[in-house]
There are 2 protein chains.
Amino acid sequence: MSKSRIIVLTVIVSLLGIGLGVIIGYFGHPNQNLNIPAPVVPTEDPTISQLLMNELSADNIKENLRTLTQSPHIAGRDQDDVVLVDLIKQRWLNDLDSVVIHPYNVLLSYPKQNDSNYISIKLDNGTEIDVSQRKELVIDAEQNNPNVVDPFNAYSAAGEPEGDLVYVNYARIEDFFHLNRTKMISTVGKICISRYGAIFRGDKAVHAELYGCIGLIIYSDPIDYTVPWSGVYPEDWYLPSTGAQRGTLWTDNGDPRTPNYPSIQYTFDLLLQQRYAHLPKIPVTPIGYIDAVKYLGKLAGEEVIDTWKGGMNITYRYGPGFSAEHSNSKIKMSVKTTNQPAIIHNVIGYIRGKVEPDRYVLFGNHRDAWVFGAIDPTSGTATMLELTRAFGTMLKRGWRPRRTLVFCSWGAEEYGLIGSTEWVEELQKELQARAIAYLNVDAAVQGNFSLAANGVASLNQVVFDSTKLVSNPNPAEVSEGRSTVYDTWKHRSPSSSEDVPSIGGLGSGSDYTAFLQVLGIASVDLRHTYDRSIGLASYPVYHSVYETFSLVEKFVDPGFQYHVSVSRVWGEIGRKLADSPVLPLDCRLYAQDLAKKRDDLITYYGSDMEKNGVDFAQLNESIRIFIQSANEIHQRIQSIDISNAYETRAINDQLMLLERSFIDQNPLPGRVAYRHVVSAPSQHNSYGSTAFPAVVDAMFDIDADPDPVGRWNEVKKQYSILVFHILSAAAALKPAV
Amino acid sequence: MSKSRIIVLTVIVSLLGIGLGVIIGYFGHPNQNLNIPAPVVPTEDPTISQLLMNELSADNIKENLRTLTQSPHIAGRDQDDVVLVDLIKQRWLNDLDSVVIHPYNVLLSYPKQNDSNYISIKLDNGTEIDVSQRKELVIDAEQNNPNVVDPFNAYSAAGEPEGDLVYVNYARIEDFFHLNRTKMISTVGKICISRYGAIFRGDKAVHAELYGCIGLIIYSDPIDYTVPWSGVYPEDWYLPSTGAQRGTLWTDNGDPRTPNYPSIQYTFDLLLQQRYAHLPKIPVTPIGYIDAVKYLGKLAGEEVIDTWKGGMNITYRYGPGFSAEHSNSKIKMSVKTTNQPAIIHNVIGYIRGKVEPDRYVLFGNHRDAWVFGAIDPTSGTATMLELTRAFGTMLKRGWRPRRTLVFCSWGAEEYGLIGSTEWVEELQKELQARAIAYLNVDAAVQGNFSLAANGVASLNQVVFDSTKLVSNPNPAEVSEGRSTVYDTWKHRSPSSSEDVPSIGGLGSGSDYTAFLQVLGIASVDLRHTYDRSIGLASYPVYHSVYETFSLVEKFVDPGFQYHVSVSRVWGEIGRKLADSPVLPLDCRLYAQDLAKKRDDLITYYGSDMEKNGVDFAQLNESIRIFIQSANEIHQRIQSIDISNAYETRAINDQLMLLERSFIDQNPLPGRVAYRHVVSAPSQHNSYGSTAFPAVVDAMFDIDADPDPVGRWNEVKKQYSILVFHILSAAAALKPAV
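Residues numbered from 1 in each chain as written. Chains lettered and ligands numbered in written order. Predicted model: local features only at pLDDT ≥ 70, side-chain atom pairs only at ≥ 80, totals over all residues. Heavy atoms only, no water.

## Observations concerning the overall build of chain A
Here comes step 1: Of the regular secondary structure elements, chain A holds 23 helices and 19 strands.
Here comes step 2: The C-alpha atoms of chain A give 30 Å as radius of gyration, which agrees with the globular expectation for 737 residues (27 Å, within 12%).
Here comes step 3: Referenced to the eigenvectors of the C-alpha coordinate spread, the extents of chain A come out at roughly 145 × 65 × 60 Å.
Here comes step 4: Counting across all 737 residues of chain A, residues that qualify as buried make up 63%.
Here comes step 5: Taking the intrachain contacts of chain A between residues at least 6 apart in sequence as the baseline, contacts between residues at least 24 apart amount to 79%.
Here comes step 6: For chain A, the distance from the average site of its 66 positive side-chain charges to the average site of its 84 negative ones is 4 Å. (Helix = DSSP H or I, 4+ residues; strand = E, 2+ residues; numbered from the N terminus. Rg over C-alpha atoms; globule rule 2.2 N^0.38 Å. Buried < 20%, exposed > 50% of the residue type's maximum accessible area, 1.4 Å probe, protein only. Contact = heavy atoms within 4.5 Å. Lys, Arg positive; Asp, Glu negative; His and termini not counted. Charge placed at Lys NZ, Arg CZ, Asp CG, Glu CD.)

Pasting the structure below:
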């Protein structure tokens, strides 16, 4: 070998050696160095949305509904508070991470077995004629169940009052004004008959009591529960003449014995001895129009104004008392409803969050029904059980949400949101610190017209975005080019001011109430609804014995596709809230909504308020500052570093704090259950939502007040408190330091 | 070269090559790989504690005190609310990151200039004799300042009542019981004279009004403000005969016109028109013993019992009225004090947290004084300004705390914690979400005996740990082997049950009140105190004109070493709370404290409560569950991964939630400003702290109630609410899912 070849060889070998060495060296790092984890930046899994939607099945929901509605399941009785509680618990033990049962000992109310309530006309000689039906007629065998509870209004006083009858229309406060102020017809000492509709029935009872009535009959008028172009059940889904609407009269929420505190074991047995206020002091009971026509048809007195006329083939008169041969007869009520303690249960199921287990997104639906409840609430329960099954399937595939999902099956909602309210009272500190949002579905499918939602404005965008991802269950709509739930919703229920669907404010009437009104947790209430423009007071068979599985299957949602659609929207909203690194809460929409509420206030009350010394400059300025803060936080969100956990958590905490900021530390004047200064149930109709409730309530009927100066000072005080809270909310959105 | 040599060479070269290659390869990783940051695990800087302590200077505090006490600086007047506000603002703009001034328009109270309050004896013929001094005598030139406000009690009604005088001892509720029930001496229509001490003066006025007095004179008795073995100022620091104690009578907190809401611009102008309750309806004024002796010495009636006797050289009698030649004379009060709106200011300075800027550790001290306030509060203000300077120096050296430090200079504390209360009301949502702890120092150095602290038990350990790091300012104590502040504190003020210093509960009386009582923010109040065993009602010159810089320099803390000591303890507690990755809040100590309070309740009230149907099993069970939760969370803390930001933040949020959990959503019965169910100011003495206040207050004087059943039901209700809150706090400490 020549020297030069040796050199060449040596160089080659050494280069090969170096190369080998480089390779060995490069990969020769000890494990602990090479395996330094990159900073954990949990982001959402973009595939899960579609997988979840595909998993949701109409057949499953249908079978859930059939199973859940086999028997009547009123609160406090075994079918609901033992059988269904156990069914849901078992399902969730299978699908979810954990389940907790929360029992509460609360005050419920039932009619007397074998001696349920009735109305009659009592003649001079004591004979009772025209006795009303104690039970709704059995139309299908399905309704023939010994556990059906006869029509009654919960928490009615018991009693057998007799007296002259007066017709009070919807028993709104303005109806009593009309009678007492315009028509000079006193209702003191009278038995009043009101039609259902327009306002919450509990407020009807409050008004009747306020105006001195000694009893209240509430009937369903055909004009409000049927249509002229179609027959009634079993021909179609409209209310038959024998159908009567059950329902509670309790106008606050939760166990009436323990306002603001939970009726939990170990503690509140003692409170049972406390006297409770606000329950009706007069007997109240519902009847169908098969009976109402007999009493209203005999009324004496002037004919009513047009807006008071119903749909029965009689001349509607005010009364008081009966005419002609019955002028000496009285109306008689026999009401034996009594209040009784009972144990009710919430079933709470959890999917533990992977990154932020201490942040909750809550899904809620009540379980108890007045009878079978195939629409209210069991269409929602059937949907929720399918949603939890689908989420469970995702879990088994290895998915886990960033934040914790909480599924809530509430007891005793029908009596006054009792299960949810007691639970919020019990867990108030935890929920205040940890709850992102509460997503309520009560009666999931009330019709096949359109999605409908009420909620706080910060949630609007995530609701819109979710509905855009859900395919339209209505083929006719799809063929019109509206391929998503969003499209039909926007088409059929457009917002008056923006190019989006309309989302209304939240009143009371379902389980979001305590979440929003006591704690300030951003809430939305979802359902699929019928065409509201036809003028029904509610879906027709609401709270009657005819609200059955077969009615749903025949008339409401035969393919259960609308049920699936609601489950998809509901699931996607919750998934998005649970998985997005930055919460999809939009403060700018909240700001817009505040400004709109301000504009409405000025439109309706502005000149009166200014005349009495309220300066809108203060409200305008507070809203200007709020809008600025809302815009700024969304700019900060654009540049947020989501790999910085503390920065991400801090901005999410601010977004969560937004809704909390509108909760007054004191309840609204005279209203123990409501603390939200931006929106609350209307003072005279718990179903409705009032913007700036303390201010507006302070002006109610102010011109008739003997002390207008005192009343206007109260308006000013409430106005000041409102402005303060808007400024406080704006401050909560600003950078912490 | 032989073949074998070539092979050997080739092997050697290739091995060298491999070796070189390994080295190149090992270090040859691209930068972006080698520089992967380790996960950020911010931990505290252990050196900063000592650096901060060394930075704090006695000379600086002394000069601060001299500067701040040059003139009287009562709330609402320029020296405090313009000059000192600006001084502090300028200092903090230099030392801290940012400063915000919060002005409030509030209701204050002042005596009439050139016609200040006095007392006299009015003879039959209308002549007034024994007229009291309107001003305290000038002893040193220092006190001769035209801005000294003459002795008065804030919010007294104006008036010139005349009547018979009755001595009411300390005007405690039990003193009125003694007079009215035991001695059968009615105070209705009388002018009462009470000595200062035992309880808050505002409660004296409430009791006097309740018992029908038409005026109240409050004097400082020498037995409560001097000692037999020493002279009075200027010989020593004891109260001279001419000294009178100013002070507020307002028993709630904050602007009396706006309970629960802040008196901020833009909003609450309108509220000024609201009527405000609870301010005294009778004239009240303070006097010194130079005057009191003249009135008390002439009293008629029986000699008082021993516990009512003071230290003046007279026979103490109850009255009513004067004896002998003055039996027809009346006592007359001339009080021209009026309520006046004023603008007060809080100065708030921030050091922005590096990691968690949205978590606050607050330091607070009030700025306003009745006169010069060299002890109350300016010993605290002088200390706080040195502490902020020292923290500023640390900042300039590159240190920055993990969490945000907030320094608060409160206005109008003396009138009823007005500045701090309005601020807490204004920022309630932010503070509720973000405040870790509030650390109050009012009168920092009241004596050279020992450190003293009142606070919530979860803070005890961090307070103990901090005082162990601070060297003992008392050389005599050091030579006894007690080298730290902790040692002397434990020696002189030992806990009755544990081997630690005693830390009492928080009543009211300084600015921690709203933080703890409205929002449930863990709070502690620190001071260096005199020897309480000698029986003084407070440090002697409290709220008199003699509370001057030279009194402090001569008698209280000549070397200002006790001031430095307080600044070190205060600073270290705050630093530790701001810097520790896991908050140094100890739930186990809270649990111990709850159990001790329960034991005390049973000791004092147990047999009565059980006799009336209260079952302690419920309270015992709730405390057992709380103890278990507290132990469990501290076990979880042992194994926490502080590199996991979400896990760390979650556990800290739980620790923060502990104190919040004891805040009732409703105020304690009849007490608009207090919501804490575990400890609140005593109902009949705002200075004191009552454990389980709603329960204990419901039992007050229950045997004298005409409706004992109703009262015991109220006890049971409050007991149930207490048990619920303990369970709620226990739940807040459990894992979130």
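## Some thoughts on the sheet that holds strand β17 (residues 523–529) of chain A
Residues and elements named next belong to chain A.
Here comes step 1: Pairing within the open sheet is mixed, and its seven strands lie in the order β1-β12-β14-β13-β15-β17-β16. Each end of this open sheet is capped by a strand with a single partner; those strands are β1 (98–110) and β16 (450–455). Pairwise comparison of adjacent strand axes, ignoring direction, gives a mean angle of 20° for this sheet.
Here comes step 2: With 13 bridges connecting them, β1 and strand β12 (residues 338–351) associate as antiparallel partners. What sits directly across from Leu-108, in β12, is Gln-340.
Here comes step 3: Of the strands in this sheet, β1, β12, β13 (356–366) and β14 (403–410) touch helix α11 (residues 418–426), which is tilted by about 120° from β1.
Here comes step 4: Helix-sheet contacts for helix α18 (residues 561–579) involve β13, β14, β15 (435–445), β16 and β17, and the interaxial angle to β15 is about 180°. (Pairing = 2+ DSSP bridges. Axes fitted to C-alpha atoms, helices over the stretch in contact; angles between N-to-C directions.)

## Re unusual backbone geometry
Here comes step 1: A cis amide bond, omega 0°, links A:Gly319 with the succeeding residue A:Pro320.
Here comes step 2: Turning to its location among the elements, A:Pro320 is positioned in the loop between α9 (289–296) and β11 (330–334).
Here comes step 3: Following A:Asp376, the chain continues to A:Pro377 via a peptide bond in cis, the omega torsion being 5°.
Here comes step 4: Topologically, A:Pro377 is positioned in the loop between β13 and α10 (378–396).
Here comes step 5: The phi dihedral of A:Met184 falls on the positive side, at around 55°, and the residue is not glycine.
Here comes step 6: Of note, B:Ala171 is a non-glycine position whose phi angle comes to about 60°, a positive value.
Here comes step 7: According to the relative accessible area criterion, B:Ala171 is buried, its value standing at 0%.

## Details of the nonpolar core
Here comes step 1: A:Trp423 and B:Trp423 are the most contacted members of the largest nonpolar core, which totals 424 residues.
Here comes step 2: In contact with B:Trp423, not counting residues within four places along its chain, are B:His102, B:Tyr104, B:Asn346, B:Ile348, B:Tyr350, B:Leu362, B:Val406, B:Cys408, B:Trp410, B:Leu431 and B:Phe515.
Here comes step 3: Residues A:Ala645, A:Tyr646, B:Val355 and B:Ala645 belong to the second largest nonpolar core, which totals six residues. (Core = buried A, V, L, I, M, F, W, Y, C linked by side-chain atoms within 4.5 Å.)

## Details of the sheet that holds strand β8 (residues 215–219) of chain B
Residues and elements named next belong to chain B.
Here comes step 1: With parallel pairing, four strands are arranged side by side in an open sheet as β6-β7-β8-β10. In this open sheet, the two edge strands, each paired with only one partner strand, are β6 (165–167) and β10 (284–287). Ignoring which end each strand starts from, the neighbouring axes of this sheet average 25° apart.
Here comes step 2: Taken together, the five bridges between strand β7 (residues 191–195) and β8 define a ladder with parallel strand orientation. Within β8, the residue paired with Ile-193 across the bridge is Ile-217.
Here comes step 3: Packing of helix α7 (residues 201–210) onto the sheet brings it into contact with β7, β8 and β10, and relative to β8 it is tilted by some 150°.

## Examining the UniProt feature "domain: Peptidase M28" (unreviewed entry) in chain A
Here comes step 1: Following the UniProt record, the feature "domain: Peptidase M28" (unreviewed entry) maps to residues 346–549 of chain A here.
Here comes step 2: In residues 346–549 of chain A, helix accounts for 32% and strand for 24%; the two terminal C-alpha atoms are 24 Å from one another. (UniProt positions renumbered as here; feature names shortened; annotations may be inferred.)

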